[in-house]
Amino acid sequence: PAPPAAPAAAAAPRAPARERTRLPPRADPAEEALRVELAQTAERMRGKNCFAILGVSERCNDDDVRASYVELAKRFHPDRFSGANDAVRRLAEEIFGLVSHAHEMLADARRRALYVLEQRRDERDAAARAEGERALQAELEFQKGEAALKRRDYSAALGYFGAALQRYPEEGEYHAHYGWVLYLCHPEDPTMLQEALEHVKRGAKLAPDREKPYLFLGRLYKAEGRAPAAEKMFTRAIQIQPDCVEALRELRLMNMRREKEKGFVKRLLRR
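This is a predicted model, so every value here is computed, not measured.

A. Seen up close, the packing of aromatic side chains. Within this structure, the stated rule accounts for five aromatic pairs. The side chain of Arg236 reaches across the aromatic face of Tyr214, ending 5.7 Å from its centre.

B. Main features of unusual backbone geometry. With a phi close to 65°, Arg152 is a non-glycine residue in the positive phi region. Along the chain, Arg152 falls in the loop between helix H5 (109-150) and helix H6 (154-167).

C. Here's a closer look at the nonpolar core. With 37 residues, the main nonpolar core has Phe161, Tyr174, Leu217 and Leu220 as its most contacted residues. Contributing elements (two or more residues each) for this core: H5, H6, helix H7 (172-185), helix H8 (190-206), helix H9 (212-224), helix H10 (227-240) and helix H11 (245-270). The biggest single contributor to this core is H7, with seven residues. When residues no more than four places from it in sequence are discounted, the contact partners of Tyr174 are Ala135, Ala138, Glu139, Phe142, Ala164, Leu165 and Tyr168.

D. Expanded view of the packing of H7 against H8. Two elements in contact, H7 and H8, have axes whose closest approach is 7 Å; the angle formed by their N-to-C orientations is 160°. For the element pair H7 / H8, the angle class is roughly antiparallel. At the point where H7 passes H8, the crossing takes the left-handed sense. In contact with Gly172, His175, Ala176, Tyr178, Gly179, Trp180, Leu182 and Tyr183 of H7, H8 contributes Met192, Leu193, Glu195, Ala196, His199, Val200, Arg202, Gly203 and Leu206. Partitioned by chemical class, the residues of the contact of H7 with H8 number ten nonpolar, five polar and two charged.

Reading the values: the criteria
Residues numbered from 1 in each chain as written. Predicted model: local features only at pLDDT ≥ 70, side-chain atom pairs only at ≥ 80, totals over all residues. Heavy atoms only, no water. Phe/Tyr/Trp six-rings, centres within 6.5 Å; stacked < 30°, edge-to-face > 60°. Lys NZ or Arg CZ within 6 Å of the ring centre and 35° of its normal. Helix = DSSP H or I, 4+ residues; strand = E, 2+ residues; numbered from the N terminus. Core = buried A, V, L, I, M, F, W, Y, C linked by side-chain atoms within 4.5 Å. Buried < 20%, exposed > 50% of the residue type's maximum accessible area, 1.4 Å probe, protein only. Contact = heavy atoms within 4.5 Å. Axes fitted to C-alpha atoms, helices over the stretch in contact; angles between N-to-C directions. Parallel < 35°, antiparallel > 145°, perpendicular 65-115°, else oblique. Left-handed = near helix turned anticlockwise from the far one by under 90°. Nonpolar A, V, L, I, M, F, W, Y, C, P; charged D, E, K, R; others polar.

Without other data, these values stay purely geometric and don't point to any function.
Put into structure tokens, the structure is as follows:
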């Protein structure tokens, strides 16, 4: 008998057809231009007050508000963009929402007056918060400067006092400390001494009830060789703060030097 036929070779699995890379559909140039226009409009309106959104002044009347609202509603009502893509529709809805809210807030004279008052209050509150934050940051820099001054790191102290002064130039203590440390950084420079004096004088003018500006003025006058003016400043510092140990020490040293000079003169006269 004939030998059995060999089994047919198993058919090799067919390689899967290469999938074609699907490219995103091309954007309609006109629709893309519309999206950009709406995005720019929305960006301009975000965060603006109601007058700016409608493009009217605070002195506008009811007719001005109504006319502006009607014009903007015609341009940006979402129904106009019902056939556009999602991005365009969302932008139109956002813009129309901003316009509608602005119209609601400004629709009549009473609402406009209340809105203006509210805006003024918000602006004052924001300004007060900013002022407080500015003062706080300046004080933190000033405290760093005081610590550096105690370490006798005059260069670092000058930087910290300068930062405090830049943030809050209305504070007399900052001017006074900056001027004093400026001198300590350049004790042999007459030009720096004069600049230091200007800062400390400014500090005394801004903070006449603080003893430190007068203490520093006394020390700077002493460095200039103006002993009577220095003594006057030290005395003023003690009048403001009787426990100002540094001013008391300066006056004690001046008195000791004066007594020593008197004794020297007496010895000369006896010869």
